[in-house]
Amino acid sequence: MITILRKLLLTGLISGLVLFTSCNSGPSSSANESVNLTGAGSSFVNPIMSKWIANFQQTNQNVRINYQSVGSGAGIEQLKKGLVDFGASDAALSDDKIKEMPPIVQLPESAGPVCITYNLPSLKDPLKLSGSTLAGIYLGTIKNWNDAAIAKDNAGIALPNTAIAVAHRSDGSGTSNIFTTYLDAISPQWHSKVGKGLSISWPTGIGGKGSEGVTGVVKQTEGGIGYVELTYAIENKLPVAQIKNKAGKWIAPSPESSSAAIAAFSKELAQDVRIPIVDPPETAPDAYPICGLTFLMIPKQPKDQAEGQALQKFVQYVITSGQDLGPDLHYAKLTPDLQQLDQQLLAQITVSGNAGSSGQ
């Protein structure tokens, strides 16, 4: 009898331990589960994206995020095929393009200027370019740096007798979309002959892959000119041109002049965040004319719960406290109105549990 009682007690003890273990190995144990996220797309946003990821991972050490700066077009395609967890693009998707994608949310994540950088060692004063002159350079009708149109923009400045070497993106690029959207808006000739988009048929020039590639072409070629994000130009010690805005002022690219461009389109952005913010009206005299928003593209229903929660938490950080990192890297912070709209868009993502509201 004693032996039977011992067996019953031992069996009960084992059952209790199994029950205890199973009760404590549920969802709560996944809080420290390692999560890997992959994103791809815009090179425009790559400098600030790298900073966001590094800062976020410091306080979310179980989350690893790999972002691939492959250009907006490639990022969109990878997201469309389900190869990445999120995409980033400087060109928002149209309604027709959205229909070709799995259900996604696209929300503004940052804003900044597309600057015109150049390689003219003999030029000590900042280069000035009106929109029509810039269009002529990229149309290939203005071929030399001492052309009359450039001389008119830079009165009193000695310009070199040097051939212009035009550099442009060779890959599908949201930066190209912002730049060509500007040229399309200010130049009837560009509008009729070339147009705008992620990828276009360039009338002239040398292609470089990514903003890194365009920067490299300009840096290595005397007489070169290209369009890149301000961070790339500054890091490579390349000068940037002042561009004449619609108010007739020569404006340098900066976070402040980009913020002025966003503010100039506040009413339009409230109706549709995809509205271009190039060529602001005369009522925005301090606005830089070649600016754009960049967008995060996120599946509405992430396949994996843990990954979905981590991604939602990361995006929450990006659109709130992460914005404070922008000016140091030459990006404009999103306006409070855009941040509030982003919160509404982020709420469309369906994941189990609550990712939290602090972002960190």
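Look up a bit, the structure's there.
Residues numbered from 1 in each chain as written. Predicted model: local features only at pLDDT ≥ 70, side-chain atom pairs only at ≥ 80, totals over all residues. Heavy atoms only, no water.

This next bit is on the overall build of the protein. Counting secondary structure elements, the protein contains 14 helices and 11 strands. Out of the 360 residues in the protein, the part that is buried amounts to 50%. (Helix = DSSP H or I, 4+ residues; strand = E, 2+ residues; numbered from the N terminus. Buried < 20%, exposed > 50% of the residue type's maximum accessible area, 1.4 Å probe, protein only.)

Turning our eyes to something else, we now look at the packing of aromatic side chains. Applying the stated rule across the entire model yields 11 aromatic pairs. Ring centres 6.0 Å apart and planes at 75° place the aromatic pair Phe44 and Tyr331 in the edge-to-face group. Of the two residues, Phe44 is situated in the loop between β1 (35-41) and α2 (46-59) and Tyr331 in the loop between α13 (305-318) and α14 (336-346); the sequence distance between them amounts to 287 residues. Residue Phe44 shares its accessibility class with Tyr331, and that shared class is buried. Residues Phe86 and Phe314 carry aromatic rings whose centres are separated by 6.3 Å and whose planes lie at 45° to one another, so their mutual orientation is tilted. (Phe/Tyr/Trp six-rings, centres within 6.5 Å; stacked < 30°, edge-to-face > 60°.)

In spatial order, the strands read β2-β1-β3-β11-β4-β8-β6-β7; together these 8 strands make up an open sheet with mixed pairing. Strands with a single pairing partner mark the edges of an open sheet, and in this sheet they are β2 (63-69) and β7 (206-208). Pairwise comparison of adjacent strand axes, ignoring direction, gives a mean angle of 25° for this sheet. Where strand β6 (residues 165-169) lies against β7, 3 bridges are found, and the strand directions are parallel. Residue pairing in the sheet places Arg169 in a bridge with Gly208 of β7. (Pairing = 2+ DSSP bridges. Axes fitted to C-alpha atoms, helices over the stretch in contact; angles between N-to-C directions.)

Time to look at the sheet that holds strand β5 (residues 128-129). Taken in spatial order, the 3 strands line up as β5-β9-β10 in an open sheet, and their pairing is mixed. The sheet terminates laterally at β5 and β10 (250-251), the two strands that pair on one side only. Note that β5 and strand β9 (residues 242-244) share 2 bridges and pair parallel. Residue pairing across strands places Leu129 opposite Ile243, the latter belonging to β9.

Turning next to the pairing of strand β4 (residues 104-118). For β4, a buried count of 15 out of 15 residues is recorded, marking the element as mostly surrounded by other parts of the structure. By the bridge criterion, 9 bridges tie β4 to strand β11 (residues 291-299) in an arrangement that is antiparallel. Following the sheet pairing, Pro108 is matched in β11 by Phe295. Summarising the sheet, β4 and strand β8 (residues 224-229) pair through 5 bridges and their orientation is antiparallel. The residue of β8 that forms the bridge with Tyr118 is Ile225.

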